[in-house]
Structures are given as structure tokens and as C-alpha cells.
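Given next are the chains, with one letter for each unit.
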Amino acid sequence: METEVVTADLPAGFDELRAEALAEGFRQIERLATDWEAHRTRFDRAGEVLLAVRVDGMLAGIGGLTVEPVVPNALRMRRFYVRPAFRGGGVGRQLVMALLAHVRPGQLITANAAPTSVPFWESIGFEPDQRDGHTHILDRGRA
């Protein structure tokens, strides 16, 4: 598995990933594409990052951190998606750990977990926190 920072262009293989997400009913990747193309969200503010994970050269997943708009001194996991063929093999966990490596100690990270992904987020240490538009929070001061 290889993790790469996404900067100028969305990664090769993004259109296939986008189609799979839509077929599953997940709209966050469509939103990522729309916001990226409109230059609304480019993961380029302090603390923000967008990462892609490849397995044998194929785009397996994508996810990012943005400044949390509601919780002070926090970042939010955004546009997180792992293709179905790569789930259960550690791709999501590697992506989260690579994203968390960009977070400074003591910072809070929020996530809005889909019901089917709650066990995944909680296995990483995110705790249920149903407020301010998110479902889970991770305190890097305690992680």
C-alpha cells in the first residue's frame, strides 16, 4: 500500500472510485469532486490534507482532513471512502493513521460516520459524540 498527498489534481483512478461510491449511495466523493473543481475545498489551509491510498497501483481509497467549522481547535475527517474491493484489508486504517500523522498533539478530530462504518471509527479510538454536525470525536491528547 502506498499513500500519496493529493495537491494539484485529483488522483488517477478517481473517476472509477467516484462511480463506485455513487453506486453505493455515498455522495461524499461526488461532493469532493464538485468542491475540488470549483476550488471551494482544496485541503490547503493550515492543518488540512487530502490523501489517496493505492494498492498495486490502483486507487483504493481517499480521505482528508479539513478545519472543523464548528468545534474550536479541531479538524474534521472528510470525504473518506474506501472502495468495496479493498475493505477489510487495512486500507481504511492505513489511510486514517496517515491522516492522523498530520495532526498535532492535543488537537480534536471529528468524523461523521455512516451507520455501517461506526465500528471502524470506534476501533480507531473515535468516541460517539452526537453534536455540532458530527457523530464521533477523537481527542489526540488522549490517543
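Structure's up top.
Residues numbered from 1 in each chain as written. Predicted model: local features only at pLDDT ≥ 70, side-chain atom pairs only at ≥ 80, totals over all residues. Heavy atoms only, no water.

A. Inspection of the nonpolar core at higher detail. By size, the foremost hydrophobic cluster in this structure holds 25 residues, and its most contacted members are Leu 65, Met 77, Leu 99, Leu 100, Ile 109, Trp 121 and Phe 126. Among the secondary structure elements, those contributing two or more residues to this core are β2 (49–55), β3 (58–67), β4 (74–82), α3 (91–100), β5 (108–111) and α4 (118–124). Here this core gets six residues from one element, more than from any other, and that element is α3. Once residues within four sequence positions are removed from consideration, Ile 109 is found in contact with Leu 65, Leu 75, Met 77, Leu 100, Val 103, Phe 126, His 136, Ile 137, Leu 138 and Arg 140. Core analysis: the next-biggest nonpolar cluster, separate from the first, contains 15 residues, Ile 29, Ala 33, Trp 36 and Ile 62 among them. (Core = buried A, V, L, I, M, F, W, Y, C linked by side-chain atoms within 4.5 Å. Buried < 20%, exposed > 50% of the residue type's maximum accessible area, 1.4 Å probe, protein only. Helix = DSSP H or I, 4+ residues; strand = E, 2+ residues; numbered from the N terminus. Contact = heavy atoms within 4.5 Å.)

B. Representation of α3. Counted residue by residue, α3 has seven buried out of 10 residues, so it is predominantly covered. When α3 is considered as a whole, its buried residues turn out to be Val 91, Gly 92, Leu 95, Val 96, Ala 98, Leu 99 and Leu 100.

C. Molecular detail of the packing of aromatic side chains. Considering all chains together, one arrives at five aromatic pairs under this definition. Residues Phe 80 and Phe 120 carry aromatic rings whose centres are separated by 6.1 Å and whose planes lie at 35° to one another, so their mutual orientation is tilted. Here Phe 120 lies in helix α4 and Phe 80 lies in strand β4, a separation of 40 residues in the sequence. Phe 80 sits in the buried class, given a relative accessible area of 16%. (Phe/Tyr/Trp six-rings, centres within 6.5 Å; stacked < 30°, edge-to-face > 60°.)

D. Representation of the side chain of Gln 107. With respect to the helices and strands, Gln 107 occurs in the loop between α3 and β5. The buried category is assigned to Gln 107, whose relative accessible area is 5%. Beyond its immediate chain neighbours, meaning those up to four positions away, Gln 107 contacts Asn 73, Ala 74, Leu 75, Leu 138, Asp 139 and Arg 140.

E. Summary view of the environment of Ile 109. When you line up the elements, Ile 109 lands in strand β5. Each C-alpha atom, one on Ile 109 and one on Gly 64, is 11 Å from the other, the two residues being 45 residues apart in sequence.

F. Spotlight on the pairing of β2. Taking burial as the measure, the seven residues of β2 include seven buried ones, the bulk of the element. Here β2 shows two buried faces, one formed by Val 49, Leu 51, Val 53 and Val 55 and the other by Leu 50, Ala 52 and Arg 54. Judged from the four bridges that link them, strand β1 (residues 2–5) and β2 form a sheet pairing that is antiparallel. Bridging from a neighbouring strand, Val 5 pairs with Leu 51 of β2. Summarising the sheet, β2 and β3 pair through seven bridges and their orientation is antiparallel. Among the inter-strand pairings, Arg 54 is bridged to a residue of β3, identified as Leu 59. Linking β2 to β3, which pair antiparallel, is a turn of two residues; within it Asp 56 sits at a positive phi near 50°. (Pairing = 2+ DSSP bridges.)

G. How the structure looks around the environment of Glu 122. Considering the arrangement of structural elements, one finds Glu 122 in helix α4. The class for Glu 122 is partly exposed, based on a relative accessible area of 35%. In the structure, Glu 122 is positioned 50 residues away from Pro 72 in sequence and 22 Å away in space, judged by C-alpha atoms. If sequence neighbours within four positions are ignored, Glu 122 has contacts with Pro 128 and His 136.

The quantities given are spatial measurements derived from coordinates; they are silent on function.
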